[in-house]
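# Fold and geometry: a report
Chain residues, written in single-letter form:
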Amino acid sequence: MNIDNCPRCGRIYIKNVIELCQSCVKELEHQYEICVKYLREHRTATIQELSDATEISIKEITRFIREGRISIANAPNMMYPCEVCGTLIREGHMCDSCRSRLTKDLMNASKEAAASEAPRKDSAGAYRAVDKLRGQ
Ligand SMILES: [Zn+2]
Ligand SMILES: [Zn+2]
């Protein structure tokens, strides 16, 4: 049996696919219903208003949105924080600036990887040139 601490409440539970203990699952289910109910009545609510009104943390609400359980398509003011900097966004995991920074970082990393491979290629080329000279 696979036993672990619930990442949400820290209690020991039997590991499952959703990686939450039963009491957290029940609590989240309850919180989810409260959120949905509130949003149905307050379509223009922001995530802050929803969190204040329901006493459910923005983190949990963000989780519902990311899981696709709460749809923000019909809630024009509903946004959730960027995973990296906390800027409010409506889609994906990151805001545009974090995404472009990450893309740049990735490009730099692959450039660096290419650069560290380059000397080996050069020296191989140099050897070939030497071989050529020897052959002549
Ligand atoms: Zn738990
Ligand atoms: Zn960001």
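Here, the structure is the one placed above.
Residues numbered from 1 in each chain as written. Chains lettered and ligands numbered in written order. Predicted model: local features only at pLDDT ≥ 70, side-chain atom pairs only at ≥ 80, totals over all residues. Heavy atoms only, no water.

When four donors bind a metal tetrahedrally, each ideal donor-metal-donor angle is 109.5 degrees, and when six bind octahedrally, the ideal angles are 90 or 180 degrees. Within the protein, the zinc ion (ligand 1) binds to C6 (SG), C9 (SG), C21 (SG) and C24 (SG); these donor distances fall in the range 2.2 to 2.3 Å. Here the zinc ion (ligand 1) is ringed by four donor atoms whose angles at the metal span 106 to 115 degrees, and the overall shape comes out tetrahedral. All donors of the zinc ion (ligand 1) belong to a single chain; written as a sequence motif, their spacing is C-x2-C-x11-C-x2-C. In this pair, C9 sits in the loop between β1 (3-5) and β2 (12-14) while C21 sits in the loop between β2 and α1 (22-41), placing the two residues twelve residues apart along the sequence. Judged by relative accessible area, C21 falls into the buried class, the value being 5%. (Donors = N, O, S within 2.8 Å, 3.2 Å for Na, K, Ca; no water. Tetrahedral: all angles 85-135°; square planar, octahedral: opposite > 155°, others 65-115°. Helix = DSSP H or I, 4+ residues; strand = E, 2+ residues; numbered from the N terminus. Buried < 20%, exposed > 50% of the residue type's maximum accessible area, 1.4 Å probe, protein only.)

An α-helical segment advances 3.6 residues per turn. Residues three or four places apart therefore align on the same side. In a regular helix each residue adds 1.5 Å, so 20 residues correspond to 28 Å; α1 covers 29 Å between its end C-alpha atoms and thus fits that length. Residues of α1 that are buried: C24, L28, Q31, Y32, C35, Y38 and L39. The buried side chains of α1 occupy one side of the element, clustering within an arc of 130 degrees when seen end-on. The exposed residues of α1 that point more than 90 degrees off its buried face are Q22, K26, R40 and E41. Looking at the buried side of α1, the elements it contacts are α2 (47-54) and α3 (58-66). (Expected span 1.5 Å × (residues − 1). Arc of directions from axis to C-beta. Contact = heavy atoms within 4.5 Å.)

Once that is clear, we can look at the coordination of the zinc ion (ligand 2). Within the protein, the zinc ion (ligand 2) binds to C82 (SG), C85 (SG), C95 (SG) and C98 (SG); these donor distances fall in the range 2.3 Å. Note that the zinc ion (ligand 2) binds four donor atoms; their angles at the metal cover 103 to 116 degrees, and the shape is tetrahedral.

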